[in-house]
Protein chains: 2
Amino acid sequence: MTGRILVVDDVATNRIVMKVKLAAACYAVDQADCGTAALIAARANPPDLILLDVVMPDMSGLEVCRKLKADPETADIPVILITALADRESKMAGLEAGADDFLTKPVDEVTLLARVRSLLRARETARELKHRGDPALGFAEAAAGFSAKEKPGRIALIAPGPKGAVLWKTALDDRVGGEVSILPRDAALSSFGVDDADAPDVFVIAADLSHRNEGLRLLSDLRSRPATRHAATVMILPGGDSERAAIALDLGAHDILYDPFDPQELAIRIRAQLGHKRQADRLRASLQVGLEMAVTDSLTGLHNRRYGLFELDRMLARQGQRVGVMLLDIDHFKQVNDTHGHSVGDKVLNLVARRLRAQLRGGDLLARIGGEEFLVALPECDRATALDCAERLRAAVADQPFAIGGGVPPLSVTLSVGIALAGTDTDETAQSLIDRADAALYGAKAHGRDQVTLSTLPAA
Amino acid sequence: MTGRILVVDDVATNRIVMKVKLAAACYAVDQADCGTAALIAARANPPDLILLDVVMPDMSGLEVCRKLKADPETADIPVILITALADRESKMAGLEAGADDFLTKPVDEVTLLARVRSLLRARETARELKHRGDPALGFAEAAAGFSAKEKPGRIALIAPGPKGAVLWKTALDDRVGGEVSILPRDAALSSFGVDDADAPDVFVIAADLSHRNEGLRLLSDLRSRPATRHAATVMILPGGDSERAAIALDLGAHDILYDPFDPQELAIRIRAQLGHKRQADRLRASLQVGLEMAVTDSLTGLHNRRYGLFELDRMLARQGQRVGVMLLDIDHFKQVNDTHGHSVGDKVLNLVARRLRAQLRGGDLLARIGGEEFLVALPECDRATALDCAERLRAAVADQPFAIGGGVPPLSVTLSVGIALAGTDTDETAQSLIDRADAALYGAKAHGRDQVTLSTLPAA
């Protein structure tokens, strides 16, 4: 299945000419002969892109575009408006209506196809991100510290000389609703770090800087550096240089504009890119939060059982025989729940988790793997280290009662701990280690709780 | 912070010449004057890329490369081997040792920088994917049906004419360890669907097809189509056309080779790309599984509480006032656990979930939001529909005892259901709807259980 493009024009000849061009480039073409038919077709069987004539008898292309962008079902479909004569006002109106570009008839084939490729590529990237990030979006919004929405956009201008740059900046400053700054090429490449919050969201770059094509090369360069790889780029080309415009789009420019440009038009295009960039940033953040939730126990914030077992496997594969595993179980935990209620029980679990974590190092693994059961795994560990660590963990919980607050008296809580050490020449798996630790834990429980027992099976 | 490149050469002048070139392109340069120093530097402070001289007194560049690739800490760093004269054998040996490319002195600056940009870009993409997908890798491996590992790679050749294509195929067939097929350009663009398992992993494309540069344009085209956007591409250019080679890399080609090529060399380069592609596919798959786990209740496979509440919010935002919500709670569930044990209780939860799901439509929401509590939300729902659906759900559980197996007698289970309908003009939130449904559920419990109660507050 190839890309599908909806061609909307009331003149049949125009549609056919366009269809021939697009079919030669291996796109499937749907047709609509008026605005109403276009809206119906776009909803019924959403195309990957729409080429939309501006002047139609029943409804102007601008009106169609506005309706497409207002409908969540069709809002994401890229739209290129096509018109016989593009006066400034209808061009601005078209871009404001949400069109991604505006081409005049007769349409230059190379430019058209490069633009189509560029928009389809951006759409696929966005779609993939959305497909993944969307289900987790609620988490990201709930996640603290996530405030990309409120930050103003950062726009960096990279012009051939300081004079041109100042002209650009003056033209944009009040129009674009973000922080506009002038940046030398070198600074764009070298002054931002990984995950740098100050890195620009949108670069406006002249195709030719000190050297011809230096701006085009800069495009690829920015995409190869961590701080700028997700930035949007608008390339400014000498008037009429449609060949290099096509190359700029294929090199990954998100939008292009010919010099001398209309500042208003550039501002609108930058705003559109800022919007796309933010949406993508948001989805990337939610993806991250969603993935963290998949490996986290929501009550204590520790790793969950699934991830704990996976990490233990990985530690065994990496460290071989020197891994120590312990299972820690809170003694008589059911009584806490029965006496004080579940919310007090949850608090105790949380406070125990915090005390355990405080006793462990960065490379140690700590996970909650059952209601009141924790897993600890220590890399590079011998018998003495394991016993010492287990005793510290036991004491950290037992030595001081837990202050719960809310009228509940301080609660004394104890742990039983079972330890198993990976044998030197056995084919130890995570499961067999845990089984042995579990048996040792059972021993600790049987001998009166609040104590540490070491599995007597294969010793280190 | 800019990209950091480690230059390894025993001749100081060579290092300095290289450093000047790289610094002009805004890279930070580290230096090492022998193989041993290179290995230490790469481990101590891993650079983003290594330029490695082949002939050094203490250790050959090939040896250094092999050691870098064998060490998990440094294996992902791209390596470009640089040598005064490249005999075929040492070139092959270098690529087999894991080098990403092999350049001869004097190094052409344009080619070098384009190659560096391309490798850094690929590394950043891989790193981002790895950062996200890696923690979830265990899930993907556990996920059923994931067997990309065993599938042979699919390599598609797009050559100027049928004769050339056959020559390529003959040269590669036994060398590359995958399925090699000849593909006309149009078929590459139009014959594969989204997520098509038959889509090629690697494309080998001539820069010029029927028209000059048609292969270069095809590169961008493939990246804009869903089925081929993640494929690797190797571009074949006329001998010595280093300018277009640089453009090909900037356009996203993963590797380049000049015609006439050594079939053995092409085969090695294709195998390397197959390896990268598979690693990326694997990480993308694990990402997907990880995210699904973040929104899934692991016991029943239904949506979990977090996702259920998020989806309900979204349904309210979309559907406005016509949403019906119900809370369903299994009656006396504690008795099941106390009498038959937790594993039987878990089985009952699973079977109840299955019966509920069987009664609902695709657009309805079903989530397990507590131990024995389920949430159902119906879009486009009125009072009659909600009551009817709730009654069906209640009956589906109550009408037939659950066959547990394992010697446990069939268990009769009932549900109590509370319904709330989003009012016509209220500012209903997910929480307020759930609170009202909860109050209604409480009523159903109080009036004897196994029944449906509708909240009497704001009616639809």
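Cut-offs used in this document
- Residues numbered from 1 in each chain as written.
- Chains lettered and ligands numbered in written order.
- Predicted model: local features only at pLDDT ≥ 70, side-chain atom pairs only at ≥ 80, totals over all residues.
- Heavy atoms only, no water.
- Contact = heavy atoms within 4.5 Å.
- Buried area = accessible area lost by both parts, 1.4 Å probe.
- Salt bridge = Lys/Arg side-chain N within 4 Å of Asp/Glu carboxyl O.
- Polar contact = N/O pair within 3.5 Å; in protein donor to acceptor, adjacent residues only side chain to side chain.
- Helix = DSSP H or I, 4+ residues; strand = E, 2+ residues; numbered from the N terminus.
- Nonpolar A, V, L, I, M, F, W, Y, C, P; charged D, E, K, R; others polar.
- Core = buried A, V, L, I, M, F, W, Y, C linked by side-chain atoms within 4.5 Å.
- Buried < 20%, exposed > 50% of the residue type's maximum accessible area, 1.4 Å probe, protein only.
- Arc of directions from axis to C-beta.
- Pairing = 2+ DSSP bridges.
- Axes fitted to C-alpha atoms, helices over the stretch in contact; angles between N-to-C directions.
- Least-squares fit on C-alpha atoms with pLDDT ≥ 70 in both.
- Parallel < 35°, antiparallel > 145°, perpendicular 65-115°, else oblique.
- pLDDT = per-residue confidence, 0-100.

This next bit is on the interface of chain B and chain A. Listed per partner, the contact involves 53 residues of chain B and 53 residues of chain A. Here chain B packs against chain A, burying approximately 4700 Å² in sum over the two surfaces, 55% of which is carbon and sulfur. If you look at where chain B meets chain A, you find two salt bridges. Note that R229 of chain A is salt-bridged to E128 of chain B, the shortest N-O span being 3.4 Å. At the boundary of chain B with chain A, the tally comes to 14 residue pairs in polar contact (both at pLDDT 80 or more). Where the side of chain B that touches chain A is concerned, the elements lending two or more residues are α5 (109–133), α6 (137–142), α8 (185–190), α9 (214–223), α11 (263–294) and α12 (305–319) of chain B. It is α5 of chain B that contributes the most residues to the side of chain B that touches chain A, eight residues altogether. Residue composition of the side of chain B that touches chain A, grouped by class: 22 nonpolar, 14 polar and 17 charged.

Looking now at the nonpolar core. M235 of chain A together with M235 of chain B are the most contacted members of the largest nonpolar core, which totals 97 residues. Setting aside chain neighbours within four positions, we find M235 of chain B in contact with I205, A206, A207, G215, L216, L219, A248, A253, D255, I256 and L257 of chain B.

The next thing to look at is helix α7 (residues 162–172) of chain A. Helical periodicity: at 3.6 residues per turn, an α-helix aligns residues three or four positions apart in one direction. Residues and elements named next belong to chain A. Inspection of α7 places A165, W168, A171 and L172 among the buried residues, and these make up the whole buried set. Along α7, the residues classed as buried sweep out an arc of 125 degrees about the axis, all on the same side. Exposed residues lying more than 90 degrees from the buried face of α7 are P162, K163, L167 and T170. Packed against the buried residues of α7 are β6 (153–158), β7 (178–182), β8 (202–206), β9 (232–238) and α11 (263–294).

Now for the sheet that holds strand β11 (residues 324–330) of chain B. Residues and elements named next belong to chain B. Spatial strand order, β12-β13-β11-β14-β15: five strands in an open sheet with mixed pairing. Taken across any chain shown, the strands that pair with only one partner, and hence form the sheet edges, are β12 (365–368) and β15 (452–454). On average, each strand axis in the sheet is tilted by 15 degrees relative to the strand beside it, whichever way the strands run. Bridge count between β11 and strand β13 (residues 373–378): six bridges; the pairing is antiparallel. In the sheet register, L327 faces β13, and the bridge partner there is L375.

Below, the discussion takes up the environment of A93 of chain B. One can find A93 of chain B in helix α4 (residues 88–96). Overall, the relative accessible area of 24% leaves A93 of chain B in the partly exposed class.

Another aspect to go through is the relation of the copies chain B and chain A. Mapping chain B onto chain A calls for a screw motion: a turn of 180 degrees about the axis and a shift of 0.2 Å along it, with 0.2 Å RMSD after fitting. The superposition operator between the copies reduces to a two-fold rotation axis. Taking C-alpha positions as the reference, the residue of chain B nearest the rotation axis is A294 of chain B, at 2.0 Å. Counting the interface residues of chain B, we find that 100% of their copies in chain A are interface residues as well, pointing to one common contact surface.

Turning our eyes to something else, we now look at the pairing of strand β5 (residues 101–104) of chain B. Pairing analysis gives four bridges linking strand β4 (residues 79–83) of chain B to β5 of chain B, with the strands arranged parallel. Of the residues in β5 of chain B, the one forming a bridge with L81 of chain B is F102 of chain B.

Below, the discussion takes up the packing of α11 of chain A against α11 of chain B. Between α11 of chain A and α11 of chain B, whose axes approach to 8 Å, the crossing angle comes to 70 degrees. Classed by the angle they form, the pair α11 of chain A and α11 of chain B counts as roughly perpendicular. Facing α11 of chain A, whose interface residues are L287, G290, L291 and A294 of chain A, α11 of chain B presents L287, G290, L291 and A294 of chain B. A per-class count over the contact of α11 of chain A with α11 of chain B returns six nonpolar, two polar and no charged.

So, about the confidence of the model for chain A. For chain A, the average pLDDT comes to 89, and 93% of its residues sit at 70 or higher. Confidence over residues 142–149 of chain A falls short of pLDDT 50; this stretch has six contacts with residues more than four positions distant or in other chains.

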